[in-house]
Protein chains: 2
Amino acid sequence: MKIIVLKFGGTSVGSIQRIKKVSKIIKSYSKKYRVIVLSSAMSGTTNKLINMSKKISENFPDNEYDTLVSAGEQISCSLLAGHLAAIGLNSRSWMAWQIPIITEGKHKYSRIKYINKSKILKFLKSGGIPIIAGFQGVDKYLNITTIGRGGSDSSAIMVAKFFKADRCIIYTDVEGVYTTDPNKLNSVKKIKNISYEEMLEMASLGSKVMQPDSIQDARLNRINIEVKSSFVNKSGTLITKRKNIINNKIITGISSTDNDAKVTLLGVKDRPGIAASIFKPLSQNSINVDMVVQNISADGKQTDLTFTIKSNDLNKTKKIIYKNENIVFKKLIFDKNVSKVSIIGVGMITTPGVTFRMFQALARKNINIQVISTSEIKISVLIKSKNASKAVKCLHKEFKLDK
Amino acid sequence: MKIIVLKFGGTSVGSIQRIKKVSKIIKSYSKKYRVIVLSSAMSGTTNKLINMSKKISENFPDNEYDTLVSAGEQISCSLLAGHLAAIGLNSRSWMAWQIPIITEGKHKYSRIKYINKSKILKFLKSGGIPIIAGFQGVDKYLNITTIGRGGSDSSAIMVAKFFKADRCIIYTDVEGVYTTDPNKLNSVKKIKNISYEEMLEMASLGSKVMQPDSIQDARLNRINIEVKSSFVNKSGTLITKRKNIINNKIITGISSTDNDAKVTLLGVKDRPGIAASIFKPLSQNSINVDMVVQNISADGKQTDLTFTIKSNDLNKTKKIIYKNENIVFKKLIFDKNVSKVSIIGVGMITTPGVTFRMFQALARKNINIQVISTSEIKISVLIKSKNASKAVKCLHKEFKLDK
């Protein structure tokens, strides 16, 4: 029998009722596959624990943070395994240290390095359904660690990798990946198949289905992921390698951001290292810089530099730039109401004229493009925030995503 | 430096504020001792987790129960260690499996068999303050177990034993052990010193300070226990071996029970095994039989048998007796409003006339004694419940416990 990994997110196991519901899903898969389950903490638990740690101290130590929050998965997994056992299945919970799942790296931001398969394989062979705590690990000294970015998704992908699973199904509270944010457009369609690369662009650009790190892990290890809902019985979105996808659409999806701010420094001295001198202090202050555009300087002496940040970082950014004597410029101008709208699709590699079609569609709606940035499978433009939803709508139609 | 074990109960770590409070207590001890801390789960947590397991299933498996509820101590210990570290002390949490604390016996009712001291000793020598999760253990297959009766108290006593601690201080929400229940009598006094044996009689008779099993563990291993409050800074009660105690009182304390029922079987056939045939089915149905009195049969053919149970077991008990054909008797009579009042004290061994004084004091108050039962350091009488508080009051005065 093939191995399948089922991962349930926090809302999927968010109540006793929900735990009973997902038990049925697990049971039905157990008839055809050897099933390995990964579970997140019940929704709300992790935040509650984090809040307690914050009330204890602003300097709550990272090692105790990991011990504290991993209790959440201990609770959800024992409840889930307990229910499966109570309805007659051979199931038990496995904490990361019981397997063990060995991590490396710092507390709070560990990565899974190695999974000892022997105990789980033995349990699977006896017909058992292991319920493995996601998000957790242990380092080589048996300290409890947690997987920072990606969390339980990352655990599921790595378990799928080590156990050579046929597929990894990520159960969540959305039905899959959509052509654009369903909260912003009514005519969205669920994407049936999407490549890792497209999904990476979608995820980092605002789709909140899966963390980019987990998708990257899946891409590197060629794990087929299906994202689907544990609330309704419908097929979801398959995330797989590019060549598995037959798609007649040029564009797979559209993403847009809110709350971006654009900062332009006019008359920046054009010398090597100038960009670094601006972005280093921003990075040190945890300000995430997104798009960066620098024009060629006309006279070879000074240039204009534009970049985007989150709007709520704007004041902090201005302060840093004004205070830093190394940053020489003539004038700082900003706009705190811009949005980045991106079209994503592997189809654009082989299809000429996509850029033109995008710009033309926006022009027809009288939407002014301020900044342009492109990659192999993505074109992003910066526009006024008030035009964002109009832009998404017209591009969605232009590239026939509603069909 | 000597080792001291501090154990904090659920109410002592019941909130962030409380955790900060007990951190101060720990800090002050750490100046004079090598401190090992044991902590219970925050009050309310364990019950919340147990309720979730009950909602999952009436047949929630015992192994998952242990994994589930032990998450409570994981939370409290990481918060406490996190706070100590944040205020600059060298402290970290230790789950049972990280030490490990090895248990034997069934899930939910495990007993600590062995504690591997090496890691904790190394940490203590580095000036560290280990915060050990009470109530938890692991069996030899690395399954999570919990210590049934006694719970975290039992963990603390066993840690004190293995590390040869100078003393084990049990911090709780009462100031110590009293001459009788403070809720029932105003003139109670806190007992300064009490022997293990007296404490065992006090505990099993209604004082809820410590579980009898933990006291028994302490007695067997000669661990000096101090019971005191984490809420007020006052000396508590020292529980120690008999010869350490200088006490000029004959009686150390008085206990009384509520909600007892007395059952008498008249005309029971007087043959070997008759008592067993009655008590076996009761025990099989988890009905706890307390006092048992059987009179010598006058004619050698039949006798009367009296025993006490908890009042809410009365209906079940009657059913079992009527249904069981092996139990032959003429008539069953019962009284569901009786109380057992006991006087406890090692002093009575060497002091004649204690029994007489007790009976005389009760007679003066017109309190009728229904059943009498005695041990080396205890005399118990069964009386009507309505007389219980009057009895406790007059005995408390008779034996000068209010002085």
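Above: the structure in question.
Residues numbered from 1 in each chain as written. Chains lettered and ligands numbered in written order. Predicted model: local features only at pLDDT ≥ 70, side-chain atom pairs only at ≥ 80, totals over all residues.

Turning our eyes to something else, we now look at the relation of the copies chain A and chain B. Relative to chain B, chain A is turned by 180 degrees and slid 0.0 Å along the rotation axis, the superposed coordinates differing by an RMSD of 0.1 Å. The superposition of one copy onto the other is thereby described by a two-fold rotation axis. Among all C-alpha atoms of chain A, that of Ala-71 of chain A lies closest to the rotation axis, at 2.7 Å. Of all interface residues in chain A, 100% are interface residues in chain B too; the two copies therefore contact each other through one and the same surface. (Least-squares fit on C-alpha atoms with pLDDT ≥ 70 in both. Contact = placed C-beta atoms within 7 Å.)

Ranked by internal contacts, the top residues of the largest apolar core, which has 209 residues, are Val-5 and Cys-168 of chain A together with Val-5 and Cys-168 of chain B. Tallying contributions element by element places helix α3 (residues 62-86) of chain B first for this core, with 11 residues. (Core = buried A, V, L, I, M, F, W, Y, C linked by C-beta atoms within 7 Å. Buried ≥ 20, exposed ≤ 12 C-beta atoms within 10 Å, placed from the backbone. Helix = DSSP H or I, 4+ residues; strand = E, 2+ residues; numbered from the N terminus.)

A regular strand places its side chains on the two faces of the sheet in alternate fashion. All names here are of chain A. A large share of strand β19 (residues 378-384) lies buried, amounting to six of its seven residues. Note: strand β17 (residues 331-344) against β19, seven bridges, orientation antiparallel. Bridge assignment links Ser-342 to a residue of β19, and that residue is Ser-380. The antiparallel hairpin formed by strand β18 (residues 371-375) and β19 contains two residues in its connecting segment. (Pairing = 2+ DSSP bridges.)

A few words on the packing of helix α3 (residues 62-69) of chain A against α3 of chain B. Packing of α3 of chain A against α3 of chain B brings their axes to within 8 Å, and their N-to-C directions diverge by 165 degrees. Here α3 of chain A is positioned roughly antiparallel relative to α3 of chain B, judged by the angle of their axes. Relative to α3 of chain B, the crossing made by α3 of chain A is left-handed. Touching Glu-64, Thr-67 and Leu-68 of chain A of α3 of chain A are Gln-74, Ile-75, Ser-78, Leu-79, Ala-81, Gly-82 and Ala-85 of chain B, all from α3 of chain B. Looking at the contact of α3 of chain A with α3 of chain B residue by residue, the classes come out as five nonpolar, four polar and one charged. (Axes fitted to C-alpha atoms, helices over the stretch in contact; angles between N-to-C directions. Parallel < 35°, antiparallel > 145°, perpendicular 65-115°, else oblique. Left-handed = near helix turned anticlockwise from the far one by under 90°. Nonpolar A, V, L, I, M, F, W, Y, C, P; charged D, E, K, R; others polar.)

Once that is clear, we can look at helix α8 (residues 212-220) of chain A. Turning to α8 of chain A, its buried residues number three or more, namely Ser-214, Ile-215, Asp-217, Ala-218 and Arg-219 of chain A. Residue Arg-222 of chain A follows α8 of chain A closely and has a positive phi angle near 50 degrees.

Right, let's talk about the sheet that holds strand β2 (residues 34-39) of chain A for a bit. Residue and element names in this part refer to chain A. Taken in spatial order, the eight strands line up as β3-β6-β2-β1-β9-β11-β12-β10 in an open sheet, and their pairing is mixed. The sheet terminates laterally at β3 (91-94) and β10 (193-195), the two strands that pair on one side only. In this sheet, neighbouring strand axes are inclined to one another by 20 degrees on average, regardless of whether the strands run parallel or antiparallel. Pairing geometry for strand β11 (residues 225-229) and strand β12 (residues 237-240), over three bridges, is antiparallel. The partner of Ile-225 across the bridge, within β12, is Ile-239. Sheet strands in contact with helix α6 (residues 151-162) are β1 (3-8), β2, β6 (129-133) and β9 (167-172), and its direction is about 175 degrees off that of β1.

Turning to the pairing of β17 of chain A, a few remarks are in order. Here strand β13 (residues 253-256) of chain A runs beside β17 of chain A; their pairing, made up of four bridges, is antiparallel. Within the sheet, the bridge partner assigned to Ile-254 of chain A lies in β17 of chain A and is Ile-343 of chain A.

Moving on, we come to the interface of chain A and chain B. Counting from both sides, the interface comprises 30 residues of chain A and, opposite them, 30 residues of chain B. With 10 residues, the single largest contributor to the side of chain A that touches chain B is helix α4 (residues 71-86) of chain A. When its residues are assigned to classes, the side of chain A that touches chain B shows 16 nonpolar, 11 polar and three charged.

Before going further, it helps to examine helix α2 (residues 45-56) of chain A. The first and last C-alpha atoms of α2 of chain A sit 17 Å apart over 12 residues, in line with the 16 Å expected at 1.5 Å per residue. For α2 of chain A, the complete set of buried residues consists of Thr-45, Thr-46, Leu-49, Met-52, Ser-53 and Ile-56 of chain A. Burial along α2 of chain A is one-sided: seen end-on, the buried residues are contained in an arc of 125 degrees. Structural note: α2 of chain A exposes Asn-51 and Lys-54 of chain A on the side pointing more than 90 degrees away from its buried face. Check the buried side of α2 of chain A and you find it contacts α3 and α4 of chain A together with α1 (16-29) and α3 of chain B. (Expected span 1.5 Å × (residues − 1). Arc of directions from axis to C-beta.)

Residue and element names in this part refer to chain B. Spatially, β3-β6-β2-β1-β9-β11-β12-β10 is the arrangement adopted by the eight strands of the open sheet, whose pairing is mixed. Each edge of the open sheet carries a strand with a single partner, namely β3 (91-94) and β10 (193-195). Taking the axes of each pair of neighbouring strands and ignoring which way they run, one obtains an average angle of 20 degrees across the sheet. In terms of strand pairing, strand β9 (residues 167-172) meets strand β11 (residues 225-229) through five bridges, oriented parallel. By the bridge assignment for β11, Tyr-171 is matched with Lys-228. Contacts from helix α4 (residues 118-125) reach β2 (34-39), β3 and β6 (129-133) within the one sheet, and its direction differs from that of β6 by about 150 degrees.

Any functional reading would require information that these geometric values do not contain.
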